[in-house]
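Chain and residue survey
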Protein chains: 2
Amino acid sequence: MTASLLEQLIEAFRVLPGVGQKTAQRMAYHVLEREREGGVRLSKVLGEAMERIGHCARCRDFSEAELCATCASPSRDTHLLCAVESPADRMAIEQATGYRGLYFVLQGRLSPLDGIGPRELGLEQLAERLSEDQVRELIIATNPTVEGEATAHYLAQLARQRGVRPSRLAHGVPLGGELEYVDRGTLSHAFGSRSEMYD
Amino acid sequence: MTASLLEQLIEAFRVLPGVGQKTAQRMAYHVLEREREGGVRLSKVLGEAMERIGHCARCRDFSEAELCATCASPSRDTHLLCAVESPADRMAIEQATGYRGLYFVLQGRLSPLDGIGPRELGLEQLAERLSEDQVRELIIATNPTVEGEATAHYLAQLARQRGVRPSRLAHGVPLGGELEYVDRGTLSHAFGSRSEMYD
Ligand SMILES: [Zn+2]
Ligand SMILES: [Zn+2]
């Protein structure tokens with residue numbers, strides 16, 4: 001017997017993070033009973049997003065255009081570049097701090113065992129920007145995990161070799177934690193008291 | 001400035017129950033980074049479901065066909081009818097118990113202050129079934145809330161007037177609780193030891 005459309009819908013919701021069978025059921029019933037319009041809108045926007053959202057050619061963040069809004073903006077400070085692991089980390093910094101510089105989204109961290117090296121993180125592209133652009137400081141905001149720290153050291157070297165000053169977020173971000181889940185106050189403080197990196 | 005597609009996607013996810021800004025962000029990033037295929041499938045199935053899932057003409061449960069699979073099945077016991085408030089309650093009973101009779105989904109409970117009366121719950125249709133069909137027992141599985149109890153008493157009268165024996169789930173479902181969230185064991189036990197209703 002083929003699964004009913006309702007069963008297919010419940011199954012499809014399970015693609016979302018943290019959504020098990022029970023929650024997926026609640027979601028399906030909720031949109032069917034009370035949110036038909038919202039369900040239609042979610043279906044449309046999600047379909048469009050899956051098709052049209054790619055990566056910014058300059059910073060590798062998600063973008064529907066060739067350049068994301070931040071990279072295309074004339075009002076950002078081009079002397080500052082902030083490297084983050086993920087788009088979620090970028091958004092966390094953008095929302096918590098007053099940072100007005102630019103970003104570079106690694107879309108991961110160095111992890112040789114998983115086959116993630118400099119190429120996968122777009123470090124050639126980052127190196128070019130550090131060489132050609134007016135960047136004076138590279139703010140390295142990778143996560144304070146073992147791999148995130150290793151990535152930070154690699155990026156710091158990359159910066160120094162090109163005459164760019166590397167810096168790292170201040171203590172305040174809990175060790176082993178994920179940047180994305182740090183509260184705004186802590187993140188804002190850590191961002192403000194970032195320190196220069198030495199060997 | 002128009003909202004970006006990503007911002008629209010985050011906003012659209014908030015239509016789901018229990019999903020705030022932070023969770024909506026995580027969902028959007030998750031499908032974009034790791035689940036493009038799953039995202040496309042969810043978009044399609046959700047769109048189809050919003051368009052095609054209506055109500056079964058016989059039991060008022062969700063159904064994409066004129067009759068739902070349960071009502072259309074030749075192997076269900078037509079002497080038993082179970083009235084529930086919502087499709088979620090119907091599914092909870094179906095999954096937790098060995099019940100093989102039919103259902104009637106009220107899609108609500110009597111609530112005069114909210115303008116929900118017998119007409120809104122399809123009680124005319126239910127009365128017809130109790131009169132015409134071979135139903136011998138009406139198992140009333142409304143929630144043990146004040147309104148659910150009032151609805152149960154109304155349904156019990158409706159049944160008695162038509163020579164059908166009304167019964168109610170046994171104690172075991174916690175008072176004030178929602179059927180949908182009761183664990184399977186408790187629900188199965190309560191269903192099995194349902195008792196006849198008297199005035
Ligand atoms: Zn960009
Ligand atoms: Zn039906």
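Residues numbered from 1 in each chain as written. Chains lettered and ligands numbered in written order. Predicted model: local features only at pLDDT ≥ 70, side-chain atom pairs only at ≥ 80, totals over all residues. Heavy atoms only, no water.

As annotated in an unreviewed UniProt entry, chain A carries the name Recombination protein RecR and is attributed to Luteimonas vadosa. Taken verbatim from the UniProt record of chain A, the Function (unreviewed entry) comment is "May play a role in DNA repair. It seems to be involved in an RecBC-independent recombinational process of DNA repair. It may act with RecF and RecO." In its Sequence similarities (unreviewed entry) section, UniProt records this for chain A: "Belongs to the RecR family." (UniProt positions renumbered as here; feature names shortened; annotations may be inferred.)

**A closer look at the overall build of chain A**
Each helix and strand in chain A was counted, giving 8 helices and 7 strands. The C-alpha extent of chain A, read off along each of the three principal axes, is 65 × 35 × 35 Å. Split into buried and exposed, the 199 residues of chain A put 52% on the buried side. Considering only residue pairs separated by 6 or more positions, chain A has 58% of its internal contacts joining residues 24 or more positions apart. Total accessible area on chain A stands at roughly 9600 Å², and carbon and sulfur atoms take up 49% of it. Between the averaged position of the 23 positive side-chain charges in chain A and that of its 28 negative side-chain charges there is a distance of 4 Å. (Helix = DSSP H or I, 4+ residues; strand = E, 2+ residues; numbered from the N terminus. Buried < 20%, exposed > 50% of the residue type's maximum accessible area, 1.4 Å probe, protein only. Contact = heavy atoms within 4.5 Å. Areas by Shrake-Rupley, 256 points an atom, 1.4 Å probe, with all protein chains shown as cover. Lys, Arg positive; Asp, Glu negative; His and termini not counted. Charge placed at Lys NZ, Arg CZ, Asp CG, Glu CD.)

**What about the coordination of the zinc ion (ligand 2)?**
In an ideal octahedron of six donors the angles at the metal are 90 or 180 degrees, and in an ideal tetrahedron of four donors they are 109.5 degrees. All names here are of chain B. The protein atoms that coordinate the zinc ion (ligand 2) are Cys 56 (SG), Cys 59 (SG), Cys 68 (SG) and Cys 71 (SG), at distances of 2.3 to 2.4 Å. Viewed at the metal, the 4 donor atoms of the zinc ion (ligand 2) are separated by angles of 105 to 118°, and the geometry they form is tetrahedral. Motif for the zinc ion (ligand 2), donor spacing along one chain: C-x2-C-x8-C-x2-C. Of this pair, Cys 59 sits in the loop between strand E1 (54-55) and strand E2 (62-63) while Cys 71 is found in helix H4 (residues 69-72), placing the two residues 12 residues apart along the sequence. For the pair Cys 59 and Cys 71, a shared accessibility class is recorded, and that class is buried. (Donors = N, O, S within 2.8 Å, 3.2 Å for Na, K, Ca; no water. Tetrahedral: all angles 85-135°; square planar, octahedral: opposite > 155°, others 65-115°.)

**Some words on the UniProt feature "zinc finger region: C4-type" (unreviewed entry) in chain A**
The UniProt entry lists residues 56-71 of chain A under the feature "zinc finger region: C4-type" (unreviewed entry), expressed in the numbering used here. The straight-line gap between the two end C-alpha atoms of residues 56-71 of chain A is 8 Å; of that span, 19% is helix and 12% is strand.

**What to know about the packing of aromatic side chains**
A full pass over the atoms with the stated rule returns 4 aromatic pairs over all chains. Taken together, a centroid distance of 6.0 Å and an interplanar angle of 20° make the contact between Tyr 29 of chain A and Phe 62 of chain B stacked. With one member in each of two chains, Tyr 29 of chain A in helix H2 (residues 21-34) and Phe 62 of chain B in strand E2 form a pair that bridges those chains. Tyr 29 of chain A sits in the buried class, given a relative accessible area of 5%. Between the aromatic rings of Tyr 99 of chain A and Tyr 103 of chain A, the centroid separation amounts to 5.2 Å while the plane-to-plane angle is 70°, which identifies the pairing as edge-to-face. (Phe/Tyr/Trp six-rings, centres within 6.5 Å; stacked < 30°, edge-to-face > 60°.)

**Considering helix H1 (residues 5-13) of chain A**
Of the positions making up H1 of chain A, those classed as buried are Leu 5, Leu 6, Leu 9, Ile 10, Ala 12 and Phe 13 of chain A. Angularly, the buried residues of H1 of chain A cover 160° about the axis, an arc narrow enough to put them on a single face. (Arc of directions from axis to C-beta.)

**Some points on the coordination of the zinc ion (ligand 1)**
Residue and element names in this part refer to chain A. The coordination sphere of the zinc ion (ligand 1) contains the protein donors Cys 56 (SG), Cys 59 (SG), Cys 68 (SG) and Cys 71 (SG), at a distance range of 2.3 to 2.4 Å. Between the 4 donor atoms coordinating the zinc ion (ligand 1), the angles at the centre fall across 105 to 118°, so the site counts as tetrahedral. All donors of the zinc ion (ligand 1) come from a single chain, and their spacing in sequence reads C-x2-C-x8-C-x2-C. On the accessibility criterion, Cys 68 (6% relative accessible area) is buried.

**Remarks on the interface of chain A and chain B**
If you look at the interface, chain A gives 46 residues, while chain B gives 46 residues. At the boundary of chain A with chain B, total buried surface from both sides reaches about 4800 Å², with 73% on carbon and sulfur atoms. When the area that chain A buries against chain B is broken down by residue, the three leading residues are Leu 5, Val 15 and Met 50 of chain A, summing to 15%. Run the count over chain A and chain B and you get 0 salt bridges. Inspection of the chain A/chain B interface yields 12 residue pairs in polar contact (both at pLDDT 80 or more). Of all the secondary-structure elements, those providing two or more residues to the side of chain A that touches chain B are H1, H2, helix H3 (36-52) and helix H5 (87-96) of chain A. (Buried area = accessible area lost by both parts, 1.4 Å probe. Salt bridge = Lys/Arg side-chain N within 4 Å of Asp/Glu carboxyl O. Polar contact = N/O pair within 3.5 Å; in protein donor to acceptor, adjacent residues only side chain to side chain.)

**Digging into the relation of the copies chain A and chain B**
With an RMSD of 0.0 Å, the operation that places chain A on chain B is a rotation of 180° combined with a shift of 0.0 Å along the axis. When the rotation and shift are considered jointly, the pair of chain copies conforms to a two-fold rotation axis. Considering only C-alpha atoms, the residue of chain A closest to the rotation axis is Ser 43 of chain A, which sits at 2.1 Å. (Least-squares fit on C-alpha atoms with pLDDT ≥ 70 in both.)

**Here's the deal with the packing of H3 of chain A against helix H3 (residues 36-52) of chain B**
Contact geometry of H3 of chain A with H3 of chain B gives a least axis separation of 8 Å together with a crossing angle of 150°. Between H3 of chain A and H3 of chain B, the angle is such that the two are roughly antiparallel. The element H3 of chain A and its partner H3 of chain B pack so that their crossing is left-handed. In this structure, H3 of chain A uses Arg 36, Gly 39, Val 40, Leu 42, Ser 43, Leu 46, Gly 47, Ala 49 and Met 50 of chain A to contact H3 of chain B, whose residues at the interface are Arg 36, Gly 39, Val 40, Leu 42, Ser 43, Leu 46, Gly 47, Ala 49 and Met 50 of chain B. Among the residues forming the contact of H3 of chain A with H3 of chain B, the class breakdown is 10 nonpolar, 6 polar and 2 charged. (Axes fitted to C-alpha atoms, helices over the stretch in contact; angles between N-to-C directions. Parallel < 35°, antiparallel > 145°, perpendicular 65-115°, else oblique. Left-handed = near helix turned anticlockwise from the far one by under 90°. Nonpolar A, V, L, I, M, F, W, Y, C, P; charged D, E, K, R; others polar.)

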